[in-house]
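Observations on the model geometry
The lines below spell out each chain.
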Amino acid sequence: MPPVSARLPVFPWDRLEPYKATAAAHPDGIVDLSVGTPVDPVPELVQRALADASDSPGYPTVWGTAELRDALAGWVERRLGATRVEHTQVLPVVGSKELVASLPAQLGIGPGHRVGFPRLAYPTYEVGARLAGAEPVPYDEPAELDPAGLKLLWLNSPSNPTGRVLDQDELRAAVAWGREHGVLIVSDECYLELGWEADPRSVLHPEISGGSFEGLVAVHSLSKRSNLAGYRAAFLAGDEAVLGELLKIRKHGGMIVPAPVQAATAAALGDDKHVVEQRERYERRRAALRPALEGHGFRIEHSEASLYLWATRDEPCWDTVGALAELGILVAPGEFYGAAGERHVRVAFTATDERVAAAVRRLAG
């Protein structure tokens, strides 16, 4: 049998290693604005909740504790504007990337089926389709797709990598199109709390969903909002029939969020103060980096939300990556997110204040 990895593209980040070495050789050290990993401390109340639950010798449940489900349902109501959310409409998962990569297979999607995702997109949408043996189908607008054989349609707002936010009319149209054609809409909303020049909305908001979760699933993560990337804390909300099926599959597969992480997740979702503080940190870094990039000859497109600036100098992305690496600044080539990004780079503002300040000085020089 051919290896499963043969279905997949080369892992993109491996191609960045030579540029990382160049940037690391800078006398003042590397400023890594590529991956977008959180660098700020985990909130103290979350650390305490994790520590308090550390004596957890028994097996946790896939569905999570009642306290966690209360926290998930309450947050969906409070933050996304949904109403009367039940425990059957939420499901914790082991990090959002695991979910994205495995969701098509868990839903029984496979050969002869198709999975749609934005033309400029997080590469794991395509990986999930390929792992399941389905056909990956990039799109510019959902309605342009042939619905025949299309089983799942990914939305991503705010977008990774572009930071673009779909407005309410666009979201409503996608929901209506999916329901008309019997296509499950899965909305990756992991950056929803990081809107800068736009107010991102969830597909689960009543004005978009029509007050029903039928045919809709939203994906949320605590990695960015709460600095919990190392905890692998994420969850789904939406159609209880879909989530009920996933719960059955995940029970068989032992896909369980560890008990201390469940407790930490509940604590994080119950506190908005740390989210506001983290937003303020990112907002300062964004406000410093954007004019520095523009002064260095870049044009910033979209970027109204998320943790990235989508930048171009109208040249091949690898030329831009190489030039910035010579300044000790590492960014992600837009090509990682699809051929449509071949003349852009994605610049994360997740570095520390000190490293962001170093990047600003180098760009000004």
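Residues numbered from 1 in each chain as written. Predicted model: local features only at pLDDT ≥ 70, side-chain atom pairs only at ≥ 80, totals over all residues. Heavy atoms only, no water.

A look at the packing of helix H3 (residues 66-80) against helix H9 (residues 259-269)
Between two packed helices, the angle of one axis relative to the other and the distance separating the axes together describe the packing. Interhelical geometry of H3 versus H9 gives an angle of 30° and a closest axis separation of 9 Å. Between H3 and H9, the crossing angle belongs to the class labelled roughly parallel. The two elements H3 and H9 meet at a crossing, and its hand is left-handed. When H3 is examined against H9, the residues Glu67, Leu68, Ala71, Leu72, Trp75 and Arg78 are found in contact with a partner set consisting of Gln262, Thr265, Ala266 and Leu269. Its residues assigned to classes, the contact of H3 with H9 comprises six nonpolar, two polar and two charged. (Axes fitted to C-alpha atoms, helices over the stretch in contact; angles between N-to-C directions. Helix = DSSP H or I, 4+ residues; strand = E, 2+ residues; numbered from the N terminus. Parallel < 35°, antiparallel > 145°, perpendicular 65-115°, else oblique. Left-handed = near helix turned anticlockwise from the far one by under 90°. Contact = heavy atoms within 4.5 Å. Nonpolar A, V, L, I, M, F, W, Y, C, P; charged D, E, K, R; others polar.)

Quick notes on the sheet that holds strand E4 (residues 135-139)
Spatially, the seven strands line up as an open sheet ordered E2-E8-E7-E6-E5-E3-E4, and their pairing is mixed. Only two strands of the sheet have a single neighbouring strand rather than two, namely strand E2 (90-94) and E4. Neighbouring strand axes in the sheet, compared pairwise and without regard to direction, differ in orientation by 25° on average. In this sheet, strand E6 (residues 184-188) lies alongside strand E5 (residues 150-156) in parallel orientation, the contact comprising five bridges. Looking across to E6, one finds that Leu155 is bridged to Ser187. (Pairing = 2+ DSSP bridges.)

Quick word on the sheet that holds strand E10 (residues 308-312)
Strand order in the open sheet formed by four strands is E9-E10-E13-E12, and the pairing between neighbours is antiparallel. Pairing within the sheet leaves two strands with one partner each, and these edge strands are strand E9 (299-301) and strand E12 (332-333). Relative to the sheet, helix H10 (residues 273-295) contacts E9, E10 and strand E13 (345-348), its axis offset from that of E10 by approximately 0°.

A short note on the packing of helix H2 (residues 44-52) against H9
In the contact formed by H2 and H9, the axes pass within 8 Å of each other and the chain directions differ by 150°. Taken as axis vectors, H2 and H9 run roughly antiparallel relative to one another. Viewed along their axes, H2 and H9 form a crossing whose handedness is right-handed. Across the interface between the two elements, Leu45, Val46, Ala49 and Leu50 of H2 pack against Pro260, Val261, Ala263, Ala264, Ala267 and Ala268 of H9. Tallied by class, residues from the contact of H2 with H9 come to ten nonpolar, no polar and no charged.

Details of the packing of aromatic side chains
On inspection of all chains with the given rule, the structure shows ten aromatic pairs. Taking the centre distance of 5.6 Å and the plane angle of 85° together, the rings of Trp75 and Phe235 count as edge-to-face. Placement of the pair is Trp75 in helix H3 and Phe235 in strand E8 (residues 233-238), with a sequence separation of 160 residues. When its relative accessible area of 2% is taken as the criterion, Trp75 is described as buried. In textbook terms, an aromatic cluster arises when at least three aromatic residues are bridged by ring pairs, as seen for Trp13, Tyr19, Trp318, Phe336 and Tyr337. Lying over the aromatic face of Trp63, Arg69 brings its terminal NZ or CZ to 3.9 Å of the ring centre. (Phe/Tyr/Trp six-rings, centres within 6.5 Å; stacked < 30°, edge-to-face > 60°. Buried < 20%, exposed > 50% of the residue type's maximum accessible area, 1.4 Å probe, protein only. Lys NZ or Arg CZ within 6 Å of the ring centre and 35° of its normal.)

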